[in-house]
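Residues per chain are reported as follows:
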Amino acid sequence: MKFARPFAFTVAAIGLLQAAAPAFAEEKITVWFSKGFYRSEDDSLIAAIKKFEAKTGIKVELSQYAIQDMIPKTVAALDSGTPPDVAYADTYDVQASGKWAFEGKLEDLTDILAPMKSAFAPNTVETAFLYNDVTKKKAYYGFPLKQQSMHVQIWSDMLEQAGFKVSDIPTDWKGYWSFWCDKAQPAYRKASGSRAYGVGQPMGVESTDSFQSFYTFMDAYNVKLVDDDGKLLVDDPKVREGLIGALRDYTDTYIKGCSPPSSTTWKDPDNNVAFHNKTVLMTHNFTISIAGKWYEDSQNQALTPEQRAAGKKAYEETIVTAAFPAKPDGTPIKYRSDVKTGMIFSASKNKPQAKEFVKFLLQEENLQPYVEGALGRWFPVTIAGQASPFWQADRHRKAVYNQFTAGTSTFDFVKNYKFTILNNENVWAKAMNRVVSEKVPVDKAVDELIARIKQVAG
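What counts and how
Residues numbered from 1 in each chain as written. Predicted model: local features only at pLDDT ≥ 70, side-chain atom pairs only at ≥ 80, totals over all residues. Heavy atoms only, no water. pLDDT = per-residue confidence, 0-100. Contact = heavy atoms within 4.5 Å. Core = buried A, V, L, I, M, F, W, Y, C linked by side-chain atoms within 4.5 Å. Buried < 20%, exposed > 50% of the residue type's maximum accessible area, 1.4 Å probe, protein only. Helix = DSSP H or I, 4+ residues; strand = E, 2+ residues; numbered from the N terminus. 1 Å grid on protein atoms, 1.4 Å probe; cavity = no way out; pocket = protein on both sides within 12 Å on 5 of 7 lines; lining within 4 Å. Points joined across faces, edges and corners; volume = space filled by probe spheres on them. Nonpolar A, V, L, I, M, F, W, Y, C, P; charged D, E, K, R; others polar. Phe/Tyr/Trp six-rings, centres within 6.5 Å; stacked < 30°, edge-to-face > 60°. Lys NZ or Arg CZ within 6 Å of the ring centre and 35° of its normal. Disulfide = S-S within 2.5 Å.

## Some remarks on the confidence of the model for the chain
Logical step 1: Looking at the chain as a whole, its pLDDT mean stands at 93, while 94% of the residues score no less than 70.
Logical step 2: Every residue in residues 1-25 scores below 50 in pLDDT, and together they form 0 contacts with partners more than four places removed in sequence or on other chains.

Below, the structure written as structure tokens:
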């Protein structure tokens, strides 16, 4: 008899566990993320996930994929009706989010973002406010994590070998590009005996760098392709004139032999590689990942002391993070910010738990280490994150801070989702290659570009 009560308790306990099992099994979410550029970025994401699991009891099954694989995998999952519960990719906003929102494939996250809207910096959370053609209204169809913008990276030691200082670089538009092509390149080649190029000009159709860089050239010529409602302005003769100026200047650098011949087929890492190998004196890049690579080398205990010392010297002394020159009209460029967003899908199986995860990740104590784990490659979307001492710690991060806090503007795909299609095609790089590879006159290439913009986004 003395075992009856414990036995009864055990049976009851088993029954309770069995009854609870289905509910417990549901406390799990699948999360897909682009693989980070640096180990510290991934480590901080994993740390946040562990904190979330410990706090909520919800298990997170994390899968990380290469950036180029994220959209194909997501499309396949959507087509099969088995998308992850939460997903983030560096390319979603540029190439997919607006389209998926329009088609009703994304979950409305207004209940998460509206209460914390005041925590976000200008031109950040607004970019996730997208139109859904199923509901016929706009809502927050994505959560902003971080942002990026355009920077110039320069080897000051190569410039010095050519007989110049950074202070010798002109700040006017024409003078700036002429300097790299007509002065710095020939002087460096003569001094070094190597065939380095003045500029690393991304032009590959498979490169997002080429599209983002070309937008900066369009901004230099005050090109406005859409109005605030997303309606096309490309029939305006001034827009055509500005596009001709931008495309001419972008391609002239290559035609004059001032960018490596391979730059017409570069993918995203290739301008970085050219810079790291010192085959170019400068390049423009849509993050400071170039400088960040050398910082990571300086901290990497798996490298030799000599390699760490080289990383430290490059990051602290010889690599310069700079801004673009003034526009042809003499005014400063207002840079585009690309706000990177994640999402929950309409077909996600565990939306309540997924929303809990997103809310947790967006808390400053979790978001800030993740953004800073990228070593300056990404800039915060929150006011508190931007005020972090991290952004005043060295000259590269200060340069990023100064560019963002001077004010930014959004890309056209925020106002007209069909520009995600144009970006996916990379009509911008195709126009460049029409000029440099197929010898098509610039004005004809621009007319073809305008025709395609109207065909897709009109």
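Right, picking up where we left off after that structure.
## What about the nonpolar core?
Logical step 1: Within the largest apolar cluster, 78 residues are counted, with the highest numbers of intra-cluster contacts made by Trp180, Phe214, Leu225, Leu243, Phe419 and Trp428.
Logical step 2: At 8 residues, the largest contribution of residues to this core is made by helix 20 (residues 442-457).
Logical step 3: In this view, Leu225 contacts Tyr215, Met218, Lys231, Leu232, Leu233, Val234, Val239, Leu243, Asp412, Phe419, Trp428 and Ile453; residues no more than four positions away in its chain are not counted.
Logical step 4: Grouped together as the second largest cluster of nonpolar side chains are 35 residues, Ile58, Leu113, Leu362 and Tyr370 included.

## What to know about the layout of surface pockets
Where empty space is left becomes clear once a probe the size of a water molecule has been rolled over the atoms.
Logical step 1: In this structure, the largest pocket spans a volume of roughly 910 Å³.
Logical step 2: Contributing to the lining of the largest pocket are 38 residues, with Ile67, Glu206, Thr208, Asp268 and Pro269 lying nearest its centre.
Logical step 3: Those elements giving two or more residues to the lining of the largest pocket turn out to be helix 3 (67-80), helix 4 (92-95), helix 9 (208-220), helix 11 (270-276), helix 12 (289-299) and helix 18 (419-425).
Logical step 4: Partitioned by chemical class, the residues of the lining of the largest pocket number 12 nonpolar, 16 polar and 10 charged.

## A look at the packing of aromatic side chains
Logical step 1: Within the structure shown, the criterion is met by 38 aromatic pairs.
Logical step 2: Taken together, a centroid distance of 4.5 Å and an interplanar angle of 20 degrees make the contact between Phe102 and Tyr417 stacked. One end of the pair, Phe102, is in helix 5 (residues 97-102); the other, Tyr417, is in the loop between strand 13 (408-409) and helix 18, and 315 residues separate them in sequence.
Logical step 3: Here the basic side chain of Lys293 rests over the ring of Trp294, its NZ or CZ set 3.9 Å away from the ring centre.
Logical step 4: For the cation-ring pair, Arg397 lies above Tyr295, with the distance from its terminal atom to the ring centre recorded as 5.3 Å.

## Let's talk about empty space enclosed by the protein
Logical step 1: One pass over the structure, following the stated rule, counts 3 cavities of 30 Å³ or more.
Logical step 2: Its boundaries defined by the atoms lining it, the largest cavity holds a volume of some 110 Å³.
Logical step 3: Of all the secondary-structure elements, those providing two or more residues to the lining of the largest cavity are helix 5 and strand 12 (338-343).
Logical step 4: At 3 residues, strand 12 tops the list of elements feeding residues into the lining of the largest cavity.
Logical step 5: For the lining of the largest cavity, a count of residues per class yields 7 nonpolar, 7 polar and 2 charged.

## Some words on the environment of Lys293
Logical step 1: Mapped onto the secondary structure, Lys293 falls in helix 12.
Logical step 2: Judged by relative accessible area, Lys293 falls into the partly exposed class, the value being 25%.
Logical step 3: In this structure the C-alpha to C-alpha distance between Lys293 and Leu375, which are 82 residues apart in sequence, comes to 8.8 Å.
Logical step 4: Setting aside chain neighbours within four positions, we find Lys293 in contact with Tyr38 and His276.

## A word on the state of the cysteines
Between two cysteines, a covalent bond joining their sulfur atoms is known as a disulfide.
Logical step 1: Summed over the entire model, instances satisfying the criterion amount to 1 disulfide.
Logical step 2: There is a disulfide in this structure between Cys181 and Cys258, and the S-S distance comes to 1.7 Å. Residues Cys181 and Cys258 are joined by a disulfide whose S-S torsion is about 120 degrees; by sign, that bridge is right-handed. Here Cys181, found in helix 8 (residues 173-192), pairs with Cys258, found in the loop between helix 10 (237-255) and helix 11; they are 77 residues apart in sequence, far enough to count as distant.

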